[in-house]
Amino acid sequence: MGLTGLLLIYATDDFPRWGDPASPASTYLSTRYIEKTMEDTSVPNIVTAVLADYRGFDTMFETTVIFSAGVVCFFLLRIFKNKSDEEGLFRHRTTGITLRIRGVEKISYSMGEFDRIDKHWTPQDLIITTACRLLIPFIQLFALYVIAHGHHSPGGGFQGGVILGSSIILLAISHDLRTVLMRISEKEAGLLCAIGVFLYAGTGALCLLLGGNFLDYSVLSKILPLDPVSARSFGILIVEVGVGIAVMGSMVWIYGNVSSAGNYREGL
Amino acid sequence: MIWELDMIILALVVIAALGAISIKDLLGAAILFGAYSFMMCLLWAIMGAVDVAFTEASVGAGVSTVFFVAAVFRTTRRSKD
């Protein structure tokens, strides 16, 4: 193994120098992208244009990979058990009366004035809870900015979706998994995942229906009040939103399955 | 691009990578892998690939570390081999 590594390091000597304008990689296709991107798609960030427009197929199947990662985690880890005979303790917040109820799996998580205090219940640290509550809206706002501003600055659907998903994971870590499940249930996370991929592939299919090639967004100008160049820019935005939704959903889905070992009762 | 800074980060990448594969403690390996990802992110940023650096920071150093820690919490902490 060491020998292979040494051979690989030796072979890097033959690489073109970093930033060399005469290297094969930067003479073949890069010049076309650099010259044409602005007039083709009116997107200043060439990386975004290449990812979502010129190489749209790649990104679509990357999104599908993320989706399948979520699905695989679900199928491998999720455990469905009938726990209807299990007991749960519920404490009324104002009076302090504790109730013991059987069949707690059927009771929804939003319990109003009752706190659930079974063996999975852990008290939350006030400082962490408050700090995360303050932090999470700003993280989510930043994530939306990253998705929407991918045309002009680094970022895009993948990064924004991951940040959005990790803000929800932060909520799950600082509070508990139930707090997240109250807002995004397991089903909704999986559904979001599929909706994102559908949005991406659907945009491609819509272009096909309008008479263009698959993922050729310029034909969207037929149904939108835009010229073909702006339509390409707009198509990239739709696709980025799709990627963001898919990545966000699958991050939450994977986290829920991995952190609770598939039974969705207690996170980290 | 500052030459010395580049070398320091490159050395830290190698150290973090070797540490991540040789350490016995799985939680430590997860954290070292996060450190490795973050150093790679700095390297991408130095080389001007800002989009890749952004992805590496959010996916590699952020979410995948959380997933690793979550998975380690559901196993025994020490590796058997």
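Residues numbered from 1 in each chain as written. Chains lettered and ligands numbered in written order. Predicted model: local features only at pLDDT ≥ 70, side-chain atom pairs only at ≥ 80, totals over all residues.

Asker: A description of the overall build of chain B should follow, citing residues and the corresponding values.
Answerer: Along chain B, the regular secondary structure elements total three helices and zero strands. Walking chain B from its N terminus toward its C terminus, one meets helices and strands in the order α-α-α. When its C-alpha atoms are laid out on the principal axes, chain B stretches across 45 × 20 × 10 Å. The proportion of buried residues among the 81 residues of chain B is 23%. (Helix = DSSP H or I, 4+ residues; strand = E, 2+ residues; numbered from the N terminus. Buried ≥ 20, exposed ≤ 12 C-beta atoms within 10 Å, placed from the backbone.)

Asker: Account for the confidence of the model for chain B, naming residues and giving values.
Answerer: Residue and element names in this part refer to chain B. Mean pLDDT over chain B works out to 87, with 93% of the residues at or above the 70 mark. Of all secondary-structure elements in chain B, the lowest mean pLDDT belongs to helix H3 (residues 50–73), at 88, while helix H2 (residues 26–46) reaches the highest, 91. For this predicted complex, the interface score ipTM comes out at 0.84, alongside a pTM of 0.82. (pLDDT = per-residue confidence, 0-100.)

Asker: Describe the nonpolar core, listing the residues and the values that go with them.
Answerer: In terms of nonpolar packing, the biggest core is built from 52 residues, with Ile 169, Ala 172, Ala 246, Val 247, Met 251, Val 252 and Tyr 255 of chain A touching the most fellow members. Of all the secondary structure elements, the ones that give two or more residues to this core are helix H4 (46–54), helix H5 (56–77), helix H6 (126–148), helix H7 (157–174), helix H8 (177–183), helix H9 (186–209) and helix H10 (228–259) of chain A together with H3 of chain B. Counting 10 residues, the second largest nonpolar core, distinct from the first, contains Tyr 36, Met 39, Met 40 and Cys 41 of chain B. (Core = buried A, V, L, I, M, F, W, Y, C linked by C-beta atoms within 7 Å.)

Asker: Go over the interface of chain A and chain B with me, naming the residues and quoting the values.
Answerer: Contact residues are listed per partner, giving 17 residues for chain A and 14 residues for chain B. Those elements that provide at least two residues to the side of chain A that touches chain B are H7 and H10 of chain A. Top element by residues in the side of chain A that touches chain B is H7 of chain A. It accounts for seven residues. For the side of chain A that touches chain B, the class distribution of residues is 12 nonpolar, five polar and no charged. (Contact = placed C-beta atoms within 7 Å. Nonpolar A, V, L, I, M, F, W, Y, C, P; charged D, E, K, R; others polar.)

Asker: Give a detailed account of the packing of H5 of chain A against H10 of chain A, specifying residues and quantitative values.
Answerer: All names here are of chain A. For the pair H5 and H10, the least separation of the axes is 9 Å and the interaxial angle reads 20 degrees. Relative to H10, H5 is oriented roughly parallel. When you trace H5 past H10, the crossing you get is left-handed. Mapping the contact onto sequence places Thr 59, Thr 63, Ile 66, Phe 67, Ala 69, Gly 70, Cys 73, Phe 74 and Leu 77 in H5 and Val 243, Ala 246, Val 247, Ser 250, Trp 253, Ile 254, Asn 257 and Val 258 in H10. Here the residues of the contact of H5 with H10 sort into 12 nonpolar, five polar and no charged. (Axes fitted to C-alpha atoms, helices over the stretch in contact; angles between N-to-C directions. Parallel < 35°, antiparallel > 145°, perpendicular 65-115°, else oblique. Left-handed = near helix turned anticlockwise from the far one by under 90°.)

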